[in-house]
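Topology and contacts: notes
Here are the chains, one letter per residue:
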Amino acid sequence: MKRIVLAYSGGLDTSVCIPLLREQYGYDEVIAVLVDVGQPESDIKEGVNRATKLADVALLLDARQEFVHDYLFPLIKANGDYEGYVLGTAIARPLIAKKVVVVAQNRDAEAVAHGCTGKGNDQLRFDAIFRATDLAVVAPVRELSLTREEEHAYAAKHGIAFESEKRWSIDENLWSRSIEGSELEDPAAYPPEEIYKWTVSQDAAPEKPELIQVSFEQGVPVALNGERMDGLTLITRLNEVGGIHGIGRTDMIEDRVLGFKARENYEHPAATILLKAHRDLERLVLTRNELRFKAAVDQAWGELVYQGLVMDPLYDDLNAFINETQKRVTGTVHLKLSKGLACVLGRASPNALYSPGVSFDAKAETRIVEGFSVYHGFQSRLIRRSCD
Ligand code: ARG
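This structure is a prediction, so every number in the text was calculated from the model and none was measured.

**Digging into the overall build of the protein chain**
- Check the secondary structure of the protein chain and you find 13 helices and 16 strands.
- In terms of its C-alpha atoms, the protein chain occupies a principal-axis envelope of roughly 85 × 50 × 45 Å.
- Looking at the 388 residues of the protein chain, the share that counts as buried comes to 49%.
- Once local pairs closer than 6 in sequence are excluded, the contacts in the protein chain between residues at least 24 apart make up 73%.

**Details of the packing of aromatic side chains**
- Evaluated as defined, the whole model comprises seven aromatic pairs.
- Ring centres 3.7 Å apart and planes at 10 degrees place the aromatic pair tyrosine 82 and tyrosine 306 in the stacked group. One end of the pair, tyrosine 82, is in strand S4 (residues 81-82); the other, tyrosine 306, is in helix H10 (residues 288-307), and 224 residues separate them in sequence.
- Residue tyrosine 306 is classed as buried on the basis of its relative accessible area of 1%.
- Here tyrosine 85 and tyrosine 266 contribute two aromatic rings whose centre-to-centre distance is 4.3 Å and whose plane-to-plane angle is 15 degrees, an arrangement assigned as stacked.

**Regarding the confidence of the model for the protein chain**
- Model confidence for the protein chain is summarised by a mean pLDDT of 95, while 96% of its residues fall at 70 or above.
- The least confident element of the protein chain, judged by mean pLDDT, is helix H12 (residues 363-375) at 82; the most confident is strand S11 (residues 220-224) at 99.

**Re the site of the ligand**
- Close to the ligand lie 13 residues; Tyr85, Asn121, Ser169, Ser178 and Glu254 are nearest.
- Here an oxygen atom of the ligand and a side-chain polar atom of asparagine 121 are 2.7 Å apart.
- Separating a nitrogen atom of the ligand from a side-chain N or O atom of serine 178 is a distance of 2.7 Å.
- For the ligand, the accessible surface in isolation is 340 Å², of which the surrounding protein chains cover 93%.
- Mapped by element, the contributors of at least two residues to the shell around the ligand are helix H4 (89-106), strand S8 (169-172), strand S9 (177-180) and strand S14 (261-267).
- Among the residues forming the shell around the ligand, the class breakdown is four nonpolar, four polar and five charged.

**Examining the packing of helix H8 (residues 231-244) against helix H9 (residues 269-285)**
- The contact between H8 and H9 brings their axes to 7 Å, and the two run at 100 degrees. As judged from the angle between their axes, H8 and H9 are roughly perpendicular. Residue-level contacts link Leu234, Ile235, Leu238, Asn239, Gly242 and Gly243 of H8 to Pro269, Ala270, Ile273 and Leu274 of H9.

**Some details on the sheet that holds strand S16 (residues 341-348)**
- Reading across from one edge, S12-S11-S10-S15-S16 is the order of the five strands in this open sheet, with antiparallel pairing throughout. Edge strands, defined here as strands with exactly one partner in the open sheet, are strand S12 (227-228) and S16.
- For strand S15 (residues 331-338) and S16, the ladder comprises seven bridges, and the chain directions are antiparallel. Opposite valine 333, over in S16, you have arginine 347 as the bridge partner.
- Strands strand S10 (210-217), S11, S15 and S16 of the sheet are contacted by H9, whose axis makes an angle of about 35 degrees with S16.

**Some words on the pairing of strand S13 (residues 249-255)**
- By the alternation rule, side chains of S13 split into Thr250, Met252 and Glu254, which are all buried, and Arg249, Asp251, Ile253 and Asp255, of which none is buried.
- As defined by bridge partners, S13 adjoins S14 across seven bridges and the pair is classed as antiparallel. Bridged to methionine 252 within S14 is glutamate 264.

**Quick word on the pattern of salt bridges**
- Taken as a whole and assessed by the stated rule, the structure comprises 32 salt bridges.
- Put simply, arginine 263 and aspartate 251 hold a salt bridge, and the shortest N to O gap is 2.8 Å. Of the two residues, arginine 263 is situated in strand S14 and aspartate 251 in strand S13; the sequence distance between them amounts to 12 residues.
- By relative accessible area, arginine 263 is classed as buried at 8%.
- Glutamate 290 serves as the salt-bridge partner of arginine 328, at 2.8 Å between the closest nitrogen and oxygen.

**Let's talk about helix H7 (residues 148-157)**
- All of the buried residues in H7 are Glu151, Tyr154 and Ala155. The buried residues of H7 occupy one face: seen down the axis, they fall within an arc of 100 degrees. For H7, the exposed residues lying more than 90 degrees away from the buried face are Glu149, Ala156 and Lys157.
- Looking at the buried positions of H7, the neighbouring elements they touch are helix H1 (12-23) and helix H6 (140-143).

**Remarks on the side chain of glutamate 254**
- Relative to the helices and strands, glutamate 254 is located in strand S13.
- Buried within the structure, glutamate 254 lacks any salt-bridge partner; its nearest side chain of opposite charge belongs to arginine 256, at an N-O separation of 5.3 Å.
- Of the polar contacts made by the side chain of glutamate 254, one reaches the side chain of tyrosine 306; its length is 2.5 Å.
- Once residues within four sequence positions are removed from consideration, glutamate 254 is found in contact with Tyr82, Glu83, Tyr85, Asn121, Phe260, Lys261, Ala262, Glu264, Tyr266 and Tyr306.

How each quantity is defined
- Residues numbered from 1 in each chain as written.
- Predicted model: local features only at pLDDT ≥ 70, side-chain atom pairs only at ≥ 80, totals over all residues.
- Heavy atoms only, no water.
- Helix = DSSP H or I, 4+ residues; strand = E, 2+ residues; numbered from the N terminus.
- Buried < 20%, exposed > 50% of the residue type's maximum accessible area, 1.4 Å probe, protein only.
- Contact = heavy atoms within 4.5 Å.
- Phe/Tyr/Trp six-rings, centres within 6.5 Å; stacked < 30°, edge-to-face > 60°.
- pLDDT = per-residue confidence, 0-100.
- Near = heavy atom within 4 Å.
- Polar contact = N/O pair within 3.5 Å; in protein donor to acceptor, adjacent residues only side chain to side chain.
- Areas by Shrake-Rupley, 256 points an atom, 1.4 Å probe, with all protein chains shown as cover.
- Nonpolar A, V, L, I, M, F, W, Y, C, P; charged D, E, K, R; others polar.
- Axes fitted to C-alpha atoms, helices over the stretch in contact; angles between N-to-C directions.
- Parallel < 35°, antiparallel > 145°, perpendicular 65-115°, else oblique.
- Pairing = 2+ DSSP bridges.
- Salt bridge = Lys/Arg side-chain N within 4 Å of Asp/Glu carboxyl O.
- Arc of directions from axis to C-beta.
- Lys, Arg positive; Asp, Glu negative; His and termini not counted.

Listed below in structure tokens is the structure:
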């Protein structure tokens, strides 16, 4: 009995994988695993229906809480982005891959599969986790280099119905939505308004601003407007309120792992608000040296996650440093949401390093600073003097 477990999304790529794994690869049993990381409910429902029809076994695993606690909280602490891309798809892939591996191991499967093409980053992220096991890795769409048209034709032959041919390739989880492909591949093309689902345009956003407060404990968001809530609820609420005000759209040219540039569009209201607030709070409570060093650590963190290399011990090393710094990142940030922008209005923390007690108009203190200033820039003065 040849058994394989497939990371299933409900989309075209992974749907054609099911018959392909039987026909082209000779698997007797295909187990389709759909991992819920906050995709729209309708996508999940449709996916489950399709998987039940196509696969021998269809499983739906709700990983939303785990996604928030084990992946998004560390991301917030690390101010996680890559070249200005708020890591979204990238941060969910390792969790999905790990869930698939666990099913494969529990059910004595000999292989795992994903539906990624050979062009993007996701294949590398799945492979990085899959290949850390003894399981064989199969990627039918990549291996058979199927085009979108070929996939549609093959799907139709197998009675896999896709209502309308979707124009864009969309990946969505509770943290962000990514839209790529079709006319968006031309970097010069303006993104059509219809690609966005979570946010209104800046122009359509209400004139009246909205004030909110986000509270953090040790780098983790714990309350919205003074009301304590779990991370999943908080992120969901911020996506709603941020979306209403047109906050959190990104249109960028991104350097993929394989080295080529891609035009990418994203929306991520909660992420924009939370990262803005978190960065601001860090500036109040971390020392200048910590902030400088952490910026480099955060960047390394973002690159690792983008590449899907969370199995690299460096990932744990960086998290250990970041967690140590976050012990003091507790406090509340006040923001104004208006016309596509989240602006910080104020921040407070019991650990603020800001010291109103130091008053520079006190006579004694200015005298001390005078002494310091004699030597400030001393080396450059020596050089200037000798050069003129
Ligand atoms: N460029 C992003 C990444 O590599 C998003 C890819 C998402 N995929 C998609 N089909 N929209 O993480």
